[in-house]
Amino acid sequence: MHPFQYQRATSTAQAVAAVAPEPGATFIAGGTSHLDLMKEDVHRPSRLVDISLLPLKQITALAGGLRLGAGVSNTAAAAHPEIQRRYPVVSEALLTGASTQIRNAATLGGNPLQRTRCPYFRDPAQPCNKRAPGSGCAALGGINRGHALFGASDACVAIHPSDLAVALAALDAVVQTTGPRGPRAIPFPELHRLPGATPQVDTTLAHGELITAIDLPAFAGRSHYLKVRDRASYAFALVSCAVALEMDGEHVRRARLALGGVAHKPWRLPAAEALLVGEKPSEKLFRAAADAAFADARPLEHNAYKIPLGRNLLVQALLETSGLQALAGPAGTAFAASVGGLAGTFPAPY
Amino acid sequence: MMDAIGQPLERADAHLKVTGAARYAAEWDLPGLAYGAVVVSGIARGTVRAIDAKAARRTPGVLAVLTHENAPRLRPLPDKLGKVLLRGEGGMTEARQPLQDAEVYYAGQPLAVVVADTHERARHAATLVGVTYDEQPPELAMTTARRQARPATFLGSPEEKLQVSIGDPAAALAAAPVRLERVYESAVTHHNPIEPLATIAHWEQRDGADFLTLYDTTRFLTGVQQIAAGAFSLPKENVHVICPFVGGAFGSKGWLFAPPLLAALAARMVGRPVKIEWRRQDMFTVAGHRSATRQTLALGATPDGQLTALQHDTQSHASLVSGFAEPCANLSRMLYQVPNLGFTHQVAHLNLPSPSTMRGPGETVGGWALECALDELATELKLDPVALRLKNYAEHNPETGKPWSSKHLRDCYARGQALIGWEKRNPVPRAMREGRYLVGYGMATTMYPAGRNAATARATISADGQALVESATHEIGNGARTIFRQISADGLGLPVARVRFELGDSALPPAPNTGGSVTTATVGPAVLAACRNALRALRQLAVRDAQSPLFGAAEEAIEARAGRLQLRAAPAQGEDYGAILRRARLPAVSAEGSAKPGPEKKQYSFYSFGAVFAQVRVDEATGVIRVARLCGVYDVGRVMNPPTARSQLLGGMTMGLGATLMEETSYDPRTGHPVVRNLADYHVPSLADTPEMSIEFLDNPDPHIGELGARGIGEIGCVGTPAAITNAVFHATGQRLRELPLTPDKLLRAATRA
Ligand SMILES: Cc1cc2nc3c(=O)[nH]c(=O)nc-3n(C[C@H](O)[C@H](O)[C@H](O)COP(=O)(O)OP(=O)(O)OC[C@H]3O[C@@H](n4cnc5c(N)ncnc54)[C@H](O)[C@@H]3O)c2cc1C
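Cut-off values and rules
Residues numbered from 1 in each chain as written. Chains lettered and ligands numbered in written order. Predicted model: local features only at pLDDT ≥ 70, side-chain atom pairs only at ≥ 80, totals over all residues. Heavy atoms only, no water. Helix = DSSP H or I, 4+ residues; strand = E, 2+ residues; numbered from the N terminus. Rg over C-alpha atoms; globule rule 2.2 N^0.38 Å. Buried < 20%, exposed > 50% of the residue type's maximum accessible area, 1.4 Å probe, protein only. Contact = heavy atoms within 4.5 Å. Near = heavy atom within 4 Å. Areas by Shrake-Rupley, 256 points an atom, 1.4 Å probe, with all protein chains shown as cover. Nonpolar A, V, L, I, M, F, W, Y, C, P; charged D, E, K, R; others polar. Axes fitted to C-alpha atoms, helices over the stretch in contact; angles between N-to-C directions. Left-handed = near helix turned anticlockwise from the far one by under 90°. Pairing = 2+ DSSP bridges. Buried area = accessible area lost by both parts, 1.4 Å probe. Salt bridge = Lys/Arg side-chain N within 4 Å of Asp/Glu carboxyl O. Polar contact = N/O pair within 3.5 Å; in protein donor to acceptor, adjacent residues only side chain to side chain. Domains from an automatic or database assignment. Phe/Tyr/Trp six-rings, centres within 6.5 Å; stacked < 30°, edge-to-face > 60°. Lys NZ or Arg CZ within 6 Å of the ring centre and 35° of its normal. Parallel < 35°, antiparallel > 145°, perpendicular 65-115°, else oblique. Core = buried A, V, L, I, M, F, W, Y, C linked by side-chain atoms within 4.5 Å.

Okay, the overall build of chain B next. Of regular secondary structure, chain B possesses 16 helices and 30 strands. For 754 residues, the compact-globule estimate of 2.2 N^0.38 gives 27 Å, and chain B sits close to it at 27 Å. Expressed along its principal axes, the backbone C-alpha trace of chain B runs to roughly 85 × 75 × 50 Å. The buried share of chain B, taken over its 754 residues, is 65%. Taking as baseline every contact in chain B between residues at least 6 positions apart, the subset at least 24 positions apart corresponds to 79%.

Our next topic: the site of the ligand. Residue and element names in this part refer to chain A. Among the 33 residues in the neighbourhood of the ligand, the closest are listed as F27, G31, T32, T107 and D163. In the complex, the protein chains occlude 94% of the 980 Å² of accessible area that the ligand would expose alone. Secondary-structure elements contributing two or more residues to the shell around the ligand are β2 (25-28), α2 (34-39) and β8 (210-216). Residue classes in the shell around the ligand are distributed as 16 nonpolar, 13 polar and 4 charged.

Looking now at the packing of helix α7 (residues 363-381) of chain B against helix α15 (residues 721-733) of chain B. A pair of packed helices is captured by two measures, namely the crossing angle of their axes and the spacing between those axes. Residue and element names in this part refer to chain B. Viewed as axis vectors pointing N to C, α7 and α15 meet at an angle of 35°, and their least axial separation amounts to 8 Å. Considering the relative orientation of α7 and α15, their crossing is right-handed. Here T364, G367, W368, E371, C372, D375 and T379 of α7 come into contact with α15, specifically with P722, A723, T726, N727 and F730. Here the residues of the contact of α7 with α15 sort into 5 nonpolar, 5 polar and 2 charged.

In this section: the sheet that holds strand β27 (residues 588-595) of chain B. Residue and element names in this part refer to chain B. Ordered in space as β23-β22-β21-β27, the 4 strands form an open sheet in which the pairing is mixed. The sheet is open, and its two borders are formed by β23 (499-502) and β27, each paired with just one other strand. Each strand of the sheet is rotated relative to its neighbour by a mean of 15°, with strand direction disregarded. Strand contacts of helix α10 (residues 480-492): β21 (455-462), β22 (467-470) and β23, with the helix running at about 135° to β23, the strand carrying the most contacts. With respect to the sheet, helix α11 (residues 519-543) is in contact with β21, β22, β23 and β27, its orientation differing from that of β27 by roughly 140°.

Here we come to the interface of chain A and chain B. On the chain B side, the residues contacting the 42 residues of chain A number 46 residues. For the pair chain A and chain B, the summed buried area comes to about 3600 Å², and 55% of that belongs to carbon and sulfur atoms. Taken together, chain A and chain B are joined by 4 salt bridges. The tally of links between chain A and chain B comes to 19 residue pairs in polar contact (both at pLDDT 80 or more).

Here we come to the domain arrangement of chain B. All names here are of chain B. Split by domain assignment, chain B resolves into domain 1 (402-451 + 602-753) and domain 2 (452-597). Using only C-alpha atoms to locate each centre, domain 1 and domain 2 end up separated by 39 Å. Listed as interface residues are 17 residues of domain 1 and, on the opposing side, 17 residues of domain 2. At the boundary of domain 1 with domain 2, total buried surface from both sides reaches about 1300 Å², with 56% on carbon and sulfur atoms. Across the salt bridge formed by E707 and R532, the nearest N and O atoms sit 2.8 Å from each other. Run the count over domain 1 and domain 2 and you get 7 residue pairs in polar contact (both at pLDDT 80 or more).

Once that is clear, we can look at the side chain of T460 of chain B. Here T460 of chain B shows up in strand β21. Among residues more than four places away in sequence, those in contact with T460 of chain B are Q466, A467, L468, A588, V589 and S590 of chain B.

Bringing the environment of L205 of chain A into the picture now. Residue and element names in this part refer to chain A. Among the secondary structure elements, L205 is positioned in the loop between β7 (182-187) and β8. Spatially, the C-alpha atoms of L205 and G179 are 8.8 Å apart, while their sequence positions differ by 26 residues. Residues in contact with L205, not counting those within four places in the same chain, are L113, T177, R184, I186, L191 and I211.

It is worth spelling out the packing of aromatic side chains at this point. Tallied over the full model, the rule gives 16 aromatic pairs over all chains. Ring geometry for W404 of chain B against F609 of chain B: centres 5.4 Å apart, planes inclined by 85°, an arrangement best described as edge-to-face. With W404 of chain B in the loop between α8 (385-391) and α9 (409-420) and F609 of chain B in strand β28 (residues 607-619), the pair connects residues that are 205 residues apart, well separated along the chain. Residue W404 of chain B shares its accessibility class with F609 of chain B, and that shared class is buried. The structure contains a cluster of three or more aromatic residues connected by ring pairs, namely F150, W267 and F294 of chain A. The ring of Y393 of chain B is capped by K407 of chain B, whose NZ or CZ atom sits 4.1 Å from the centre of that ring.

A few words on the packing of helix α9 (residues 283-293) of chain A against helix α10 (residues 306-322) of chain A. Residue and element names in this part refer to chain A. The geometry of α9 relative to α10 is characterised by a closest axis approach of 9 Å and an angle of 140° between their N-to-C directions. The angle between α9 and α10 places the two elements in the oblique class. For the pair α9 and α10, the crossing hand works out as right-handed. Every residue of α10 that contacts α9 at E283, F286, R287, A290, D291 and A293 is listed here: R311, N312, L314, V315, L318, L319 and S322.

All right, on to unusual backbone geometry then. All names here are of chain B. L740 connects to P741 through a cis peptide bond whose omega is -5°. Tracing the chain through its elements places P741 in the loop between α15 and α16 (744-753). Of note, the phi angle at K253 is positive, near 60°, even though the residue is not glycine. Mapped onto the elements, K253 comes out in the loop between β14 (239-242) and α6 (258-270). For D699, which is not a glycine, the phi torsion comes out positive at approximately 60°. In this structure, D699 sits in the loop between β30 (693-697) and α15.

Our next topic: the pattern of salt bridges. Should the charged atoms of two oppositely charged side chains come close, the side chains can pair. Residues and elements named next belong to chain A. Inspection of every chain in the model, using the stated rule, returns 65 salt bridges over all chains. Among the ionic pairs, R256 bridges to D172, the shortest N-O distance being 2.9 Å. Taken together, the residues span a long stretch of sequence, with R256 in strand β11 (residues 251-260) and D172 in the loop between α7 (164-170) and β6 (174-179) at a distance of 84 residues. Taking the relative accessible area as the measure of exposure, R256 reaches 4% and is therefore buried.

A separate point is the sheet that holds β7 of chain A. Residues and elements named next belong to chain A. An order of β4-β5-β8-β6-β7 is seen for the 5 strands of this open sheet, with the pairing classed as antiparallel. Taken across any chain shown, the strands that pair with only one partner, and hence form the sheet edges, are β4 (59-62) and β7. The average undirected angle you get between the axes of adjacent strands in this sheet is 25°. When β4 meets strand β5 (residues 65-69), the two strands line up antiparallel, connected through 4 bridges. Bridge pairing links T60 to R67 in β5.

Residues and elements named next belong to chain B. By the secondary structure assignment, A264 is in helix α6. Since its relative accessible area comes to 0%, A264 is described here as buried. Measuring from C-alpha to C-alpha, the distance between A264 and W203 comes to 7.8 Å, with 61 residues separating the pair along the chain.

To continue, consider the pairing of strand β17 (residues 307-318) of chain B. Residues and elements named next belong to chain B. The element β17 is largely enclosed, with a buried count of 11 among its 12 residues. As defined by bridge partners, strand β16 (residues 293-301) adjoins β17 across 9 bridges and the pair is classed as antiparallel. Pairing of Q295 across the sheet is with T314, part of β17. With antiparallel pairing between neighbouring strands as the criterion, β16 and β17 make up a hairpin whose turn holds 5 residues, including G305 at a positive phi of roughly 100°.

What follows is about the nonpolar core. Residue and element names in this part refer to chain B. Counting residues in each nonpolar core, the largest one holds 79 residues, and the members touching the most others are L299, L377, V616, L630 and I725. Leaving out residues up to four positions away in the same chain, L377 has contacts with V178, L180, L299, A301, L307 and L388. Counting 59 residues, the second largest nonpolar core, distinct from the first, contains A229, F232, V286 and L508.

Here you go:
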């Protein structure tokens, strides 16, 4: 870790003013992602501007939707009755992420901005274009079991690790920010970018641009999250899937699908979404959508398993969201979202 | 007298631990303490050309930067420590003293220590040290490594031969009516105790001589003491090692000498006590691991399931400065009655960190391969897996011909079958379902050698009627403080509440390292001997004291009960311990006692046994496996304390579950850097992965292992569990997965192939 200045922001304007002019300055919210990277010597900020005391902790109603303050904790958001009721995909994604302790500290603004879990990014002794531009991508020819199927480049095959971001992408959430150039609204699918030749840049945010809130637009359909991981709890996704389904009677009016664990950003599936519209839910239909979803997957040496896994997961998520199959647990809980459930005798004792 | 032994006593140190009062190595506070941060190698093979520490030395608070160029010289590690071979092929540990030369053998190897007045400054300055290398391409693959060894023995022990052929396995295999040959592969796994490595080193002048105190995370106080004394050319008495609590070890922290020596070097250099706390990342390079293995199992059998041949060939890997061989044939050599039995062990020397023992070294992954192969044979022969094992039940040790000291394995199988409902399952693979899940049952045999070593203890009875018993053994979470307190209480004829047991200090009467599941059988008898000697001293005071009601009595006529010496024939005639001492104007009596194994070792073959049964649930679409139930029935001799014993087995089974389903450290195939370096990526089982476990002991005292009748329980839980789960996955899915861990990708790949 390197020496740094620390200051507490007293207002959003002051926070932006403190970070914007100093290239090495960053915001810190819960610190659960940022501090780890500082201890790993991956991040070397010159100044930490602590935004955790800013009044960004409200969840308020908004034109049929909800506005979630960027400082709301993952725990508080997951437990919020309106989120539970109207956007279970958000609660499910949050509750399958990290651990209770981390979720208590983590914030909605920080979570989508956590950096990749690619082990090469986290080890300063190894090449990584995201950490040290121009040094090369060690994952490309190394251990890439956890890496991207879609949208990767020769410079970077890392994935984005956030669960929440996958749910927000499926809901077309809107990110509210304020920055050196004033406030703006960013459609969630445009928050993250693909690595291209500049994988060091994760998002479309400007330096010093502060997320103040995340808006969930009005949504009257069913939503659901499913996550597969290497252990039953407290692990990042191998592949995850968020579904937001709106019906017209027996037919799909609108379907939005996003995958986690497969790309540098939450991966929306427009081809599969289009296939579903106007159709009656069936396993056959869902299989066709899943095939379309993975048609242009580009596996690396160790991650081809994500293709059958992702396809099956997408089908399962659609079956459960559409009601053709029962959820594995109550909607809005980790039990609904965790594939495989708890060890122990079946059915799981939730 | 066994009043306290066998009782479900609460852990003696439970309160200290949950309130944070238990002091771990990194928590000692010494005046003037300085902090060391270690700079590790960024390459896996080559030579350090230069270390540029100018920027680090200029950093405020930095006291020194130690490198191979300026560090004090150390004498080399001895070849052996006691009977244990330390260095060379088949040896225990890394044979390299830290900071003595410029060679780099693996990535993450310590190259420099930055010492500063605060932890933060030391860490920061460590990032400013620049190292340049003359780099060579590392050797990282077992199959192509140029240096391959076939060590004759494990750790130099004549009883643990690593290359054996009995009968003619090759011919018997060729002639066998049924033959099966399979390759099993297991991943590198790390102990990852919650407490990382740490040492505080403190040099003083005592009586004009150098004196070194080490607070170290060790389960081998006297080993660290001897090695440090040897390295710095000090008499053993001038090194004091202290470690009252170990925050988990699991096979690590036993034979790691470089970390305490680094702290001692740093402290010597700056003339202040120095603490080095290792980072979690370093635990993947300096703390030892279980090597990956590639094992070939060949079985020959008659159509009705009689084994005629068994050949078990293991390939593991060590570093270029270690000869450790994972002894995978430990079960194959003794579990079944096979006339033609062969096994070999080959070690590839790679530019990867040095391996070490890890809970059930050899047994955990070697037993997995054997017990999976048996399951495959049972399928091939259409035999029940339990029936196949009973058919080949060994009535005596097949390798040595010696009788077992005690073996009730048949009872373990029978009880395990009943617990899991074995007979109620549909034995056909892929035939059982629960909703969207495939369900399967599997079983495996487990065993662990029941060793015993020499140890010494001291018992002190005070005039206030309290007693203190001590030995330089270790509390690694195994419950040592608790069960030796119970044994002491019975040995002294005192209620447990009046007895304290202390350990964790090299100044106490010597005990060996805590490892190999030998501690109860080793230290327990020494504790009893010390207690007996202390009581004898007390008796002698009483019978010679004219004022004692026991004056003139024959010593044999006196018994110790509830803090009193009394006549066996007339218990009312006697007095309490305190009265005897107070009249003699003695504050206490104290006596040492030693115990060591006797001729029984030559007469009997000592093993613990058990049977593990698993039920799993598999979601084939995603490759996700969950263990629904795990039942273990163990024949481990007499149980000292059911809850602490159960915890040992529960922990062992959980660790076995982790090794089966999720634990894996990979190294980059080109650079040799670990690509799993933290506990987010190194998955140990969470509660959600761990089912309710049925754990039972037969509780048959071993008549030959010593008067306690207790064999070890520390490791046997880890063994057996992996094969039981793997076999259950086969029963559920019809897929034989032969590569640990069984993560979702493996099952998906197998399902895609099928
Ligand atoms: C062991 C472990 C396991 C985990 N498992 C999961 C998991 O399974 N799924 C998952 O989704 N996550 C997981 N996480 C990640 C965790 O959820 C994130 O670390 C957390 O959500 C980040 O929030 P924070 O408030 O702590 O962010 P911080 O660490 O404070 O900040 C993260 C980044 O966001 C920036 N930032 C924070 N707030 C704002 C803002 N309002 N505006 C602009 N920039 C901002 C910071 O500058 C920093 O760059 C895990 C983390 C750990 C340590």
